[in-house]
Amino acid sequence: MSARPTSLRLAAYGALGLPLAMAALPIYVHVPKFYADTLGLSLAGVGAILLAARIVDAVQDPFFGWWSDRARARGSSRWAFVAAGAPLLALGMAGLFHPPAAGPGGLSGWLVANLVLVYTAFSLVMVSYQAHGAEITDDVAGRTRVTAWREGFALVGVFLAAALPEALRQSLGEREGFARFALVVAPLVLLAAAITILGS
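Source: prediction; values computed, not measured.

Engineer: Explanation requested: the overall build of the chain in the structure shown.
Structural biologist: Across its full length, the chain carries seven helices and zero strands. When the elements of the chain are put in sequence order from the N terminus, they spell out α-α-α-α-α-α-α. Counting across all 200 residues of the chain, residues that qualify as buried make up 44%. The contacts of the chain with a sequence gap of at least 6 include a subset with a gap of at least 24, amounting to 81%. Surface exposure of the chain reaches about 9300 Å², of which carbon and sulfur atoms provide 69%. Put simply, the chain has 14 plus and 11 minus side-chain charges, and the middle of one group is 6 Å from the middle of the other.

Engineer: Would you mind going over the pattern of salt bridges with me for this structure?
Structural biologist: Proximity of charged atoms lets side chains of opposite charge pair with each other. Tallying each qualifying case throughout the model produces nine salt bridges. Notably, a salt bridge pairs glutamate 151 with arginine 150, separated by 3.1 Å at the nearest N-O pair. Owing to a relative accessible area of 40%, glutamate 151 belongs among the partly exposed residues under this scheme. A relative accessible area of 11% places arginine 150 in the buried class. Where salt bridges share partners, they join Asp69, Arg72, Arg78 and Glu135 into one cluster.

Engineer: Got a minute to help me understand a nonpolar patch on the surface in this structure?
Structural biologist: A contiguous nonpolar surface patch, about 320 Å² in accessible area, is contributed by Leu51, Ile55 and Val59. For isoleucine 55, the position within the fold is in helix H3 (residues 43-73).

Engineer: I keep staring at helix H2 (residues 17-38) and nothing clicks. Help me out?
Structural biologist: Residue pairs spaced three or four apart in an α-helix point in one direction, given the helix's 3.6 residues per turn. Over its 22 residues, H2 extends 29 Å from the first C-alpha to the last, a length consistent with the 32 Å expected when each residue adds 1.5 Å. Most pronounced at isoleucine 27, the bend in H2 amounts to some 50°. Positioned one or two residues after H2, glycine 40 has a phi angle of 90°, which is positive.

Engineer: Looking at this structure, how should I read the nonpolar core?
Structural biologist: One broad rule of soluble globular proteins: the nonpolar side chains tend to lie buried together. In terms of nonpolar packing, the biggest core is built from 45 residues, with Tyr35, Leu89, Leu96 and Leu115 touching the most fellow members. Mapped by element, the contributors of at least two residues to this core are helix H1 (7-15), H2, H3, helix H4 (79-96), helix H5 (104-135), helix H6 (140-172) and helix H7 (174-199). Among the elements that make up this core, the one with the highest residue count is H5 (ten residues). Ignoring sequence-local partners within four residues, the contact set of leucine 96 consists of Ile27, Val31, Phe34, Tyr35, Trp110, Leu111, Asn114, Leu115 and Val118.

Engineer: Got a minute to help me understand the packing of aromatic side chains in this structure?
Structural biologist: Here a ring pair, both rings aromatic, is described through the centre-centre distance and the interplanar angle of the planes. Here the structure, examined in full by the defined rule, presents eleven aromatic pairs. With centroids separated by 6.4 Å and ring planes inclined at 25°, the aromatic side chains of phenylalanine 64 and tryptophan 67 adopt a geometry described as stacked. In this pair, phenylalanine 64 and tryptophan 67 both sit in helix H3, three residues apart, roughly one turn of the helix. Every member of this aromatic cluster is reached through a ring pair, and the members are Phe63, Phe64, Trp66, Trp67 and Phe81.

Each value, and the rule that gives it
- Residues numbered from 1 in each chain as written.
- Predicted model: local features only at pLDDT ≥ 70, side-chain atom pairs only at ≥ 80, totals over all residues.
- Heavy atoms only, no water.
- Helix = DSSP H or I, 4+ residues; strand = E, 2+ residues; numbered from the N terminus.
- Buried < 20%, exposed > 50% of the residue type's maximum accessible area, 1.4 Å probe, protein only.
- Contact = heavy atoms within 4.5 Å.
- Areas by Shrake-Rupley, 256 points an atom, 1.4 Å probe, with all protein chains shown as cover.
- Lys, Arg positive; Asp, Glu negative; His and termini not counted.
- Charge placed at Lys NZ, Arg CZ, Asp CG, Glu CD.
- Salt bridge = Lys/Arg side-chain N within 4 Å of Asp/Glu carboxyl O.
- Patch = residues over 30% accessible without salt bridge, like charges linked within 9 Å, V, L, I, M, F, W, Y side chains within 5 Å.
- Expected span 1.5 Å × (residues − 1).
- Bend = angle between axes of the 7 residues up to and from the residue.
- Core = buried A, V, L, I, M, F, W, Y, C linked by side-chain atoms within 4.5 Å.
- Phe/Tyr/Trp six-rings, centres within 6.5 Å; stacked < 30°, edge-to-face > 60°.

In short, the description is geometric, and any link to function would need to be established separately.
Put into structure tokens, the structure is as follows:
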């Protein structure tokens, strides 16, 4: 641990918080609208799928935490989990908003598969990412700075996730607007993960 991590290191660590927030918000705000209003699935059906995916997520989060801690205790880096999860998260986000031309059954299956992929990848990244933040420094003030940098980037990500899809939707239409948003988030996840892993 470093007692006083530099601002540059903290910025590198916090960078990943931005695309993670951009990936998290659309699941609750944009996915139901996209699959119900744009693609024509029933809102109740989409809600049931989201609930089922969250139940899976609730089960796997503690497992990923245990796995990350066990690997760390054996001398491995938590960044291995971030490096493994980031490409999967990018793939899942792109898939969510690029559904195939299919009927309700096919769309529902596509939504289930991509939601499970996104939730699994997000947990794989987030659990180890936040755990690493607690290990950067053992100084109380330093840990406050670590959290502030991470949450500051996340706040920017929330703003972008709220504003960007709407702007793209108005200029490109519902389906293409959300598709373009996903194509913005996916490379940002990969770029920010690289910055965080290499810089912090």
